[in-house]
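For reference, the chains in residue letters:
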Amino acid sequence: MGIRALLSQIFANGLARRALLAFLVAALFLGGIQLRRWIGESTRHVRYQHDIVNAFYWGSETMKEARRLSPDEASANSLAGFGRGYLALYDRVKHKAYNKDYGLDYPPLRLLVMAIWARQVRNQFPGVDDGHPKLVNPLLKINLLCELLSAVAIFLLVRLCLERQARATESDPLRSLALQHRASICGLAAASAAWLEPSMILDAHGWPQWDVWILPFYLFAAFAALKNRWFVCGCLLATGAMFKGQLLFVAPFFVLWPLWQKRWNRALRVLAGFIATAAVIASPWLLHAPAAWVALLAVTGLASLLFLQRELPHRCAWISGIAGCAAFIIGAFTGGSFAWLKVGFLYGSEHYPYLVISSCYNLPSLLSKLGWSLKDPFWSVHFGSLDFHLTLQWTLRLLYLGALAVCAYGAARQVRDRDPRVLIAITAPWLLMFALLGQMHERYLVWGAVVSAVTLGVSLRLSIIHFIISVASTAMIVHVMLIDKKLEATLWAIDLLKHVRGYASVLVLACVAVYLWKTLPMPAFQRRAARSARAPSLSLGPEPEEA
């Protein structure tokens, strides 16, 4: 009663409310900055240097390619020369690779960032050694920006879903507060948990890696979907995938979601936004010849004329989607390069053909202990002289796609029922990807650990699972970092983490199963929602469609 009364008094006073929130936000922000600095300093002796070296190497290869294609040093150091080197690197790697072992697995936008970073370092330190790259701080600042944007996106997601809800949140101390205040408090709690997520901070500033770059794109894509901005959702997903291809594993969730609602035009708008954005980013490789650009302009003009004359809704989305499809088709028929696709995306999917790559707490880890491998036949069918073998790799992929369809179904029903558990459905794809698929790195649970912070807006009891996932993600990252250095003082921790792997795998799978179960609509909840809907509540009309 004391907490409830205190909160009521604070939020009844507008000035006190704004001052308290400003103080909390400032304290959390500055505390998070200081924590990241401390992690960066404290983990120097166990820093996983290989990824920094790899990023610097491929960024430097872009500059080397620019010098090879330029007539003199001045031209090579210009922006035009840099662009030539960047656009030519994929083709050179593809042609010089032995047995399709490219080495480079960076999508276009990540390669561009690394090339710009390496160029800056080379300009300041011309003789710097590849094994000891300087000035990694620019990349850490990008990590920091993405972490901050992710926390902001989580705040907006939680607040939006709670403001639309058909019943009060399960957070008992907050039930007496106004809906808007309750939504803001839960949103701030979820954003704070994401901002201070230990595995994300360790991955981005202790390792360091660039996994956090795709989180804002996914979270804002989910926000756009909830606001019925489906074309924007597709654009964000495509842009994020050009930084890290693992986003493609969860992107089908946003196509299946409107399909369960029987809103075919929404699913098509997601695809239109995705294809159009991918075509824009890949156009320098796809459209080499002037004739290709002329053909694309002609197709775009005809599509514009057709849709503008009929005054169809979402004209811009359809015209952009048609132009995007045309760019890929024209590129295929006019000799455009698809090396960026083979090297940056397809190679990465087969780069590590192992069921378990490192210390992972998931189903493939348990299967590997039973003697299974990624390419083992799981099921075989014989049709006369034809033999069909379904490998364990594809079995796990099909299992994941089925679970992803369940998540999309749950999201569709929960949006219809104004159920805040849609936040769980948005989180589940990342957890399922790590729990079920092979070839996972231990770092990949960090996405689920961060996004699962949204459960603080659904249920305090369910948020316990978020903290379990967070601890598991942090433990896996710590394990790999310690193994890489194998310091005498950390051998006991390495042995401990190795022995708990099996138990931790079962625990993570149980947590993911709970999340998957919670995405499904429950009759008991629907009856409670129907009773609460009879009482006067906030008007929740449908969101306006995008133009």
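Not measured: the values here are computed from a predicted model. (Residues numbered from 1 in each chain as written. Predicted model: local features only at pLDDT ≥ 70, side-chain atom pairs only at ≥ 80, totals over all residues. Heavy atoms only, no water.)

### Side note on helix 16 (residues 315–333)
Okay, so step 1: Counted at 1.5 Å a residue, the expected span for helix 16 with its 19 residues is 27 Å, and the 27 Å between its end C-alpha atoms agrees.
Okay, so step 2: Among the residues making up helix 16, those that are buried are Ala317, Trp318, Ile319, Gly321, Ala323, Gly324, Ala326, Ala327, Ile330 and Gly331.
Okay, so step 3: Tucked into the core, helix 16 has its buried residues touching helix 11 (230–241), helix 14 (264–286) and helix 15 (290–310).
Okay, so step 4: Note on helix 16: the residue one or two positions beyond its end, Gly335, has a positive phi of about 80°. (Helix = DSSP H or I, 4+ residues; strand = E, 2+ residues; numbered from the N terminus. Expected span 1.5 Å × (residues − 1). Buried < 20%, exposed > 50% of the residue type's maximum accessible area, 1.4 Å probe, protein only. Contact = heavy atoms within 4.5 Å.)

### What about the packing of aromatic side chains?
Okay, so step 1: On inspection of all chains with the given rule, the structure shows 21 aromatic pairs.
Okay, so step 2: Summarising the aromatic geometry, the rings of Phe217 and Phe243 are spaced 5.6 Å apart at their centres and angled 25° between planes, so their arrangement reads as stacked. Here the residue Phe217 occupies a position in helix 10 (residues 215–226), and Phe243 occupies one in the loop between helix 11 and helix 12 (247–250), the gap between them amounting to 26 residues.
Okay, so step 3: The class for Phe243 is buried, based on a relative accessible area of 16%.
Okay, so step 4: Ring geometry for Tyr218 versus Trp430: centroids 5.2 Å apart, planes at 70°, classification edge-to-face. Separated by 212 residues along the polypeptide, Tyr218 in helix 10 and Trp430 in helix 20 (residues 422–436) bring together distant segments of the chain.
Okay, so step 5: Members of the aromatic cluster, joined through ring pairs, are Tyr218, Trp230, Phe253, Phe254, Trp257, Trp430, Tyr444 and Trp447.
Okay, so step 6: Over the face of the ring belonging to Phe82 we find Arg119, whose NZ or CZ atom lies 5.5 Å from the ring centre.
Okay, so step 7: Above the plane of the ring of Trp207 lies Arg443, whose end atom (NZ or CZ) is 5.4 Å from the centre. (Phe/Tyr/Trp six-rings, centres within 6.5 Å; stacked < 30°, edge-to-face > 60°. Lys NZ or Arg CZ within 6 Å of the ring centre and 35° of its normal.)

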